Amino acid sequence: MTISFPRQSARTRRFTLGAPRGITVAPDGSSVVFLRSRGGTDPVTCLWRLDPATGEETLVADPARLDVDESDLPAEERARRERAREAAGGIVSYTADEAVRRAVFALAGQLFLVDLADGSVQRLPAATPAFDPRLDPRGRRVAYVAERSLHVVELASGTDTVVARPESPQISYGLAEFIAAEEMGRMRGYWWSPDGQQLLVARVDETPVQRWHIADPANPGRPAQEVAYPAAGTANAIVSLFLVNAEGEGKTAIAWDRGMYPYVVTASWGERGPLVVVQTRDQRTLRILRADVLDGETSVEHADHDSVWLEIVPGVPARTRTGALVWTRDDGDTRRLTVGGEPVTPVGLQVRAVLGVQGESVLFTASEEPTEVHVWRRSPDEGLTRLTEEPGVYAAVRGGDVTVLTGTSLGSTRSRTWIHGSDVEIANLAEQPVITPKAELFSAGEREIRTAVLLPSGYDPASGERLPVLMDPYGGPHAQRVLAVGRMYCEAQWLADQGFAVVIADGRGSPGRGPAWERAVSGDLCEVVLDDQVAALHAAAERHPLDLERVAIRGWSFGGFLAALAVLRRPGVFHAAVAGAPVTDWLLYDTHYTERYLGHPDEEPEAYTANSLIEDAPKLERPLMIIHGLADDNVVAAHTLRLSSALLAAGRPHTVLPLSGVTHMTPQEVVAENLLHLQVSFLKDALAPR
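Residues numbered from 1 in each chain as written. Predicted model: local features only at pLDDT ≥ 70, side-chain atom pairs only at ≥ 80, totals over all residues. Heavy atoms only, no water.

*Asks:* Whenever I open this one, the overall build of the protein confuses me. Can you help?
*Replies:* Counting its secondary structure elements, the protein contains 11 helices and 44 strands. Since a compact globule built from 690 residues should have a radius of gyration of about 26 Å, the 25 Å found for the protein is in line with a globular shape. In the protein, buried positions account for 57% of the 690 residues. In the protein, of all internal contacts separated by at least 6 residues, the share reaching a separation of at least 24 is 59%. Of the roughly 26800 Å² of accessible surface on the protein, a fraction of 48% belongs to carbon and sulfur atoms. Within the protein, the 92 negative side-chain charges are centred at a point lying 1 Å from the centre of the 68 positive side-chain charges. (Helix = DSSP H or I, 4+ residues; strand = E, 2+ residues; numbered from the N terminus. Rg over C-alpha atoms; globule rule 2.2 N^0.38 Å. Buried < 20%, exposed > 50% of the residue type's maximum accessible area, 1.4 Å probe, protein only. Contact = heavy atoms within 4.5 Å. Areas by Shrake-Rupley, 256 points an atom, 1.4 Å probe, with all protein chains shown as cover. Lys, Arg positive; Asp, Glu negative; His and termini not counted. Charge placed at Lys NZ, Arg CZ, Asp CG, Glu CD.)

*Asks:* Help me understand the pairing of strand E37 (residues 440-444), please; the structure alone is not making it clear to me.
*Replies:* In the case of a regular strand, side chains alternate between the two sheet surfaces. Here E37 runs beside strand E38 (residues 449-454); their pairing, made up of 5 bridges, is antiparallel. Note on E38: the bridge partner recorded for serine 443 is arginine 450. What sits between the antiparallel neighbours E37 and E38 is a turn of 4 residues, in which glycine 445 has the positive phi angle 70°. (Pairing = 2+ DSSP bridges.)

*Asks:* Quick question: what am I supposed to make of a negative patch on the surface here?
*Replies:* On the surface, Asp282, Asp602, Glu603, Glu604 and Glu606 cluster together into a patch of negative charge. Take aspartate 282: it is sitting in the loop between strand E22 (273-279) and strand E23 (285-291). Overall, the relative accessible area of 38% leaves aspartate 282 in the partly exposed class. (Patch = residues over 30% accessible without salt bridge, like charges linked within 9 Å, V, L, I, M, F, W, Y side chains within 5 Å. Salt bridge = Lys/Arg side-chain N within 4 Å of Asp/Glu carboxyl O.)

*Asks:* Would you mind showing me how to read the packing of aromatic side chains here?
*Replies:* Applying the stated rule across the entire model yields 16 aromatic pairs. When the centroid spacing of 5.3 Å and the interplanar angle of 75° are considered together, the rings of phenylalanine 561 and tryptophan 586 count as edge-to-face. In this pair, phenylalanine 561 is assigned in helix H7 (residues 558-569) and tryptophan 586 in the loop between strand E42 (576-580) and helix H8 (591-598), connecting sequence segments 25 residues apart. The structure contains a cluster of three or more aromatic residues connected by ring pairs, namely Trp309, Tyr474, Phe558, Phe561, Trp586, Tyr589, Tyr593 and Tyr597. When the ring centre of tyrosine 190 is taken as reference, the NZ or CZ atom of arginine 134 above it lies at 6.0 Å. Here the guanidinium or amino end of lysine 251 rests over the ring plane of phenylalanine 242, the centre of that ring lying 4.9 Å away. (Phe/Tyr/Trp six-rings, centres within 6.5 Å; stacked < 30°, edge-to-face > 60°. Lys NZ or Arg CZ within 6 Å of the ring centre and 35° of its normal.)

*Asks:* What should I look at first to understand the sheet that holds strand E30 (residues 361-367) in this one?
*Replies:* As a general point, the strands of a sheet are linked pairwise by backbone hydrogen bonds and lie either parallel or antiparallel. If you trace the 4 strands from one edge of the open sheet to the other, you get E29-E30-E31-E32, paired in antiparallel fashion. This sheet does not close on itself; its edge strands, each paired only once, are strand E29 (350-358) and strand E32 (383-386). Neighbour-to-neighbour, the strand axes of the sheet open up by a mean angle of 25°, direction not taken into account. Two strands pair when backbone bridges link them, and strand E31 (residues 374-379) and E32 are joined in this way by 4 bridges, in the antiparallel orientation. Of the residues in E32, the one forming a bridge with tryptophan 376 is arginine 386. (Axes fitted to C-alpha atoms, helices over the stretch in contact; angles between N-to-C directions.)

Don't take any of this as a statement about function, it's just geometry.
This is the structure in structure tokens:
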């Protein structure tokens, strides 16, 4: 019996299980280390090694052989996986020493050290539950966090030393606070020195942060989870940095104006000392600080300012071997790579991320066409070289002369991981979808909005049948739905096969189009994004026989906000909506994200009123289903409950689907599968001719 697509998608975690990831290349190019489960439905991730010369793979660490119970993860690990949108289990992260001879990982709160050459694994003597272990570059010590304290284990002796202990239950050392992990992409809270003698450690004080309580109404006997959540306009955690000796002998504070620059964006520690990036609360100014390892004093290495906001670019700052600073600059409408303060990429090539610096050479990703992300290398001798050719989305990791590329194209539903310049590949064990998507990508309207259309399999335009439409956007900042990646359209094709023309559009605010495109949503997360969805819809109707009297929209997170917004403010265009985990009142969402676009609510109260869905509740005249996980600690269920209450008070019928025990990710197999069926049933009924 053939498995249904919804069941297959849920069981395979959207076809991510069995695909290689977390790749590390030894600096001499002698080995490649990576994570992968044993198959497309196996959620237990293992650690593997590949010989790049022969392509031979070796399993070096299998959680099934380590006699641990993963059923009760540490709270910090559950939070990290939620922030990272990690759906698998087993060894989901690891770190290696500089030579990539040893690696360390945490499993069920216990620490394990693996010899990558012979595959021997040993359990380390460590306090439990242990979290985020990291080998020092020389491979002699392992640092980790337990009970909000930072520990260091000497591998030769097994001695475990607490090098930074919190002064109160509201303080932690070595952890990334919620804002850093959820919005800045910083998942770590400490960094080793190159010689392994010191650590740069984040101290997070959550005392001023308001407390929210997330309960499980389906299990009233369980206590509510207390969450320190910095909503827009409220106090953030106080983040400071300290230099700590690996033997636990004292600590030195890193000095900067934390009142002016409260956000610690990222940090790194190279041969020339630590670099720390700090940001103002309004996100209009960034500073790169160089820290003195003796007294903690800092000097400004570089400063950037923008009158709207500055985006955080992954992978920078970095340095070349000669010490030149690698950074990015918004130059007109292009985000350019700079080395030593000089732009080294051309106008029109939008830099996405820096992947690594080796000698004077910089490896990075960038887009000429927004639906594609390619890997580039820049060196003083060779200039710019694009390493990937076929239209698609790619990334890379490099060590020595070995560059491992990974990516996929529009014509493929599985990613490919291979060594550049050779025929050696890392096997992808992910399942092939039972459905073959056929997405048409085009540029819609005068703004050239990148748009995808998927029609039902077997549909014949000559039949004259006008198809009902399902808009399926994310539609907001920091995410794209329209990319030259086949796997991204599997669910959309299944939805199309239920009888819809599915239209997906990346309007203004989405990445890959340059600073002006991103910043077009400043102060307005409603009308600008709605205008672009409507423009894409009308452009799609000019290409295909669409029934514009039967248009539905669905989305999750920002897409859920957009779906609810659409039926509330444009009921003449959108006739039904499914809003999953929607933000409905931006005063309930976090500081760093919300204030970037709407400003501080004390200074821009009208922006929060104009972008709230609560006041629009009396306008609802179309069918609306709202779905929300009650355990969601990112977009909390209060968003849905407040909108539902306002709709009820206005006498507007609507449907609410609460998901007990479900977070923002909805990784549970049965939930993920049945959600698709329930949405289709609701939308078909809502759009059925009356």
